[in-house]
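Coordinate inspection notes
Chain residues, written in single-letter form:
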Amino acid sequence: MDKPVATQNEPYATEVEKGETYYWCACGLSKKQPFCDGSHSETDFKPIVFEAKESETVYLCGCRTTRDAPFCDGSHSSL
Ligand code: FES
């Protein structure tokens, strides 16, 4: 598997809590999108770990072409 799988062509609007750690699925295989469920284990992909700086809604990449992972950078609009 060379490329990650796009799971949707728009970001996941996701509520996060300040100080909590999250694992964004980088491979696209997780059944618990947009978070890692361990399905990457047979690939070279690893989840991207981030800590929420605020309790807020963040927009996590669903198309897997962002250059600002795990966050949406708008790349899906040019696919
Ligand atoms: Fe995709 Fe873990 S399941 S990175």
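Up top you'll find the structure we're talking about.
Summary of the structure given here.

Parameters and conventions
- Residues numbered from 1 in each chain as written.
- Predicted model: local features only at pLDDT ≥ 70, side-chain atom pairs only at ≥ 80, totals over all residues.
- Heavy atoms only, no water.
- Core = buried A, V, L, I, M, F, W, Y, C linked by side-chain atoms within 4.5 Å.
- Buried < 20%, exposed > 50% of the residue type's maximum accessible area, 1.4 Å probe, protein only.
- Helix = DSSP H or I, 4+ residues; strand = E, 2+ residues; numbered from the N terminus.
- Contact = heavy atoms within 4.5 Å.
- Lys, Arg positive; Asp, Glu negative; His and termini not counted.
- Salt bridge = Lys/Arg side-chain N within 4 Å of Asp/Glu carboxyl O.
- Polar contact = N/O pair within 3.5 Å; in protein donor to acceptor, adjacent residues only side chain to side chain.
- Phe/Tyr/Trp six-rings, centres within 6.5 Å; stacked < 30°, edge-to-face > 60°.

1. What to know about the nonpolar core
- Formed by Tyr12, Val16, Tyr22, Trp24, Ala26, Phe50, Ala52, Val58, Leu60, Cys61 and Cys63, the largest nonpolar core amounts to 11 residues.
- Elements represented by at least two residues in this core include exactly strand E1 (12-16), strand E2 (21-24) and strand E4 (56-60).
- If near-sequence neighbours (up to four positions away) are discounted, Val58 is found in contact with Tyr12, Ala13, Thr14, Val16 and Phe71.

2. Brief notes about unusual backbone geometry
- Cis rather than trans, the peptide bond between Gln33 and Pro34 has omega equal to 5 degrees.
- Summarising the element assignment, Pro34 is placed in the loop between E2 and strand E3 (48-51).
- A cis amide bond links Ala69 with the next residue in sequence, Pro70, at an omega value of 10 degrees.
- Of note in this structure, Arg64 is not a glycine but carries a positive phi near 65 degrees.
- Among the secondary structure elements, Arg64 is positioned in the segment after E4.
- Residue classification places Arg64 among the buried positions, given a relative accessible area of 9%.

3. Digging into the side chain of Arg64
- For Arg64, which is buried and forms no salt bridge, the nearest opposite charge comes from Asp37, at a distance of 9.5 Å.
- Engagement of the side chain of Arg64 in a polar contact is seen with the backbone oxygen of Cys25, the distance being 2.8 Å.
- There is a polar contact of 3.1 Å between the side chain of Arg64 and the backbone oxygen of Gly62.
- Setting aside anything within four residues of it in sequence, one finds Arg64 in contact with Pro4, Val5, Thr7, Tyr12, Trp24, Cys25, Ala26, Gly28 and Gln33.

4. Structural notes on the environment of Cys27
- Its place among the elements puts Cys27 in the loop between E2 and E3.
- Between the C-alpha atoms of Cys27 and Ser41, which are 14 residues apart in sequence, the distance is 9.8 Å.
- Sequence-distant contacts of Cys27, defined by excluding residues within four places in its chain, comprise Met1, Pro4, Val5, His40, Thr43 and Phe45.

5. Structural notes on the packing of aromatic side chains
- Here the structure, examined in full by the defined rule, presents 3 aromatic pairs.
- Between Tyr22 and Phe50, the aromatic rings sit 5.5 Å apart at their centres with planes inclined by 25 degrees, giving stacked as the arrangement. In this pair, Tyr22 is assigned in strand E2 and Phe50 in strand E3, connecting sequence segments 28 residues apart.
- Since its relative accessible area comes to 15%, Tyr22 is described here as buried.
- Judged by its relative accessible area of 10%, Phe50 is buried.

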